[in-house]
Amino acid sequence: MQARDQLSRRWQGKEGNMAIEQKTDSSSNQTGEQRNPLQKRRTVVGTVVSDKMQKTIVVKVDRQVRHALYKKYVEKSRRYKAHDEKNEAKIGDRVTLVESRPLSREKRWVLQAIIRKAGQAPEINI
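Residues numbered from 1 in each chain as written. Predicted model: local features only at pLDDT ≥ 70, side-chain atom pairs only at ≥ 80, totals over all residues. Heavy atoms only, no water.

The subject of this paragraph is the sheet that holds strand 7 (residues 107–116). Spatially, the five strands close up into a barrel ordered 3-4-5-7-6, and their pairing is mixed. Within this sheet the neighbouring strands show an average axis-to-axis angle of 50°, counted without direction. Taken together, the five bridges between strand 3 (residues 43–53) and strand 6 (residues 94–99) define a ladder with antiparallel strand orientation. What sits directly across from threonine 47, in strand 6, is arginine 94. (Pairing = 2+ DSSP bridges. Helix = DSSP H or I, 4+ residues; strand = E, 2+ residues; numbered from the N terminus. Axes fitted to C-alpha atoms, helices over the stretch in contact; angles between N-to-C directions.)

A word on the pattern of salt bridges. Per the stated rule, a full pass over the model turns up five salt bridges. Residues arginine 105 and glutamate 106 are paired through a salt bridge, measuring 3.5 Å at the closest nitrogen-oxygen approach. Residue class for arginine 105 comes out exposed when judged on its relative accessible area of 72%. (Salt bridge = Lys/Arg side-chain N within 4 Å of Asp/Glu carboxyl O. Buried < 20%, exposed > 50% of the residue type's maximum accessible area, 1.4 Å probe, protein only.)

All chains considered together, the criterion is met by one aromatic pair. Relative to tryptophan 109, the ring of tyrosine 80 has its centre 5.0 Å away and its plane inclined at 55°; by these criteria the two rings are tilted. With a gap of 29 residues between them, tyrosine 80 in strand 5 (residues 73–83) and tryptophan 109 in strand 7 connect regions that are remote in the sequence. Since its relative accessible area comes to 13%, tyrosine 80 is described here as buried. (Phe/Tyr/Trp six-rings, centres within 6.5 Å; stacked < 30°, edge-to-face > 60°.)

A few words on the environment of valine 61. Of note, valine 61 is situated in strand 4 (residues 56–66). Taking the relative accessible area as the measure of exposure, valine 61 reaches 12% and is therefore buried. For the pair valine 61 and tyrosine 80, spaced 19 residues apart in sequence, the C-alpha separation works out to 7.6 Å. In contact with valine 61, not counting residues within four places along its chain, are Val44, Val45, Gly46, Lys76, Ser77, Arg78 and Tyr80. (Contact = heavy atoms within 4.5 Å.)

Moving on: the nonpolar core. Nonpolar side chains in soluble globular proteins tend to be buried together. In terms of nonpolar packing, the biggest core is built from twelve residues, these being Val44, Val48, Ile57, Val59, Val61, Tyr80, Ala82, Ala89, Val95, Leu97, Trp109 and Leu111. Elements with a minimum of two residues in this core: strand 3, strand 4, strand 5, strand 6 and strand 7. Counting residues per element, this core draws most heavily on strand 4, which supplies three residues. Setting aside anything within four residues of it in sequence, one finds tyrosine 80 in contact with Ile57, Val58, Val59, Val61, Leu97 and Trp109. (Core = buried A, V, L, I, M, F, W, Y, C linked by side-chain atoms within 4.5 Å.)

As a further point, take the environment of valine 74. Mapped onto the fold, valine 74 is located in strand 5. Residues valine 74 and arginine 63, eleven residues apart in the sequence, show an inter-C-alpha distance of 8.4 Å. Contacts of valine 74, omitting those with residues within four sequence positions, involve Arg63, Gln64, Val65 and His67.

Right, let's get into the pairing of strand 7. Pairing analysis gives three bridges linking strand 5 to strand 7, with the strands arranged parallel. Within strand 7, the residue paired with lysine 81 across the bridge is lysine 107.

The next subject is the side chain of serine 50. Looking at the secondary structure, you find serine 50 in strand 3. Contacts of serine 50, omitting those with residues within four sequence positions, involve Ile57, Val58 and Ile91.

Read these as spatial facts, not as claims about activity.
Structural data, given as structure tokens:
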């Protein structure tokens, strides 16, 4: 009976309102807390707004968010710095970025593909 109490025991924290559970057996690792290795990386689509840095582009990603009170869709945007190894993306290009490990202080994205070059008309299905 005492061995069970030592394996899984509940006690109050300093504040008294927080219950903390301690487990010492090895089955706690198998609860699914680890990241799935088959999980895909995030991808975003945006427009290149700057290519003045070496091997780095700045991409503006727009998204539409519904306003909580007025129920109108508002466009919000965010700028990401992305790694462009061959310096092939230019201002105005439509590109796809994929999430990666941190490459510098602000770069966490890598250029995956150029969807449409600047100046090209978008394809229209008739």
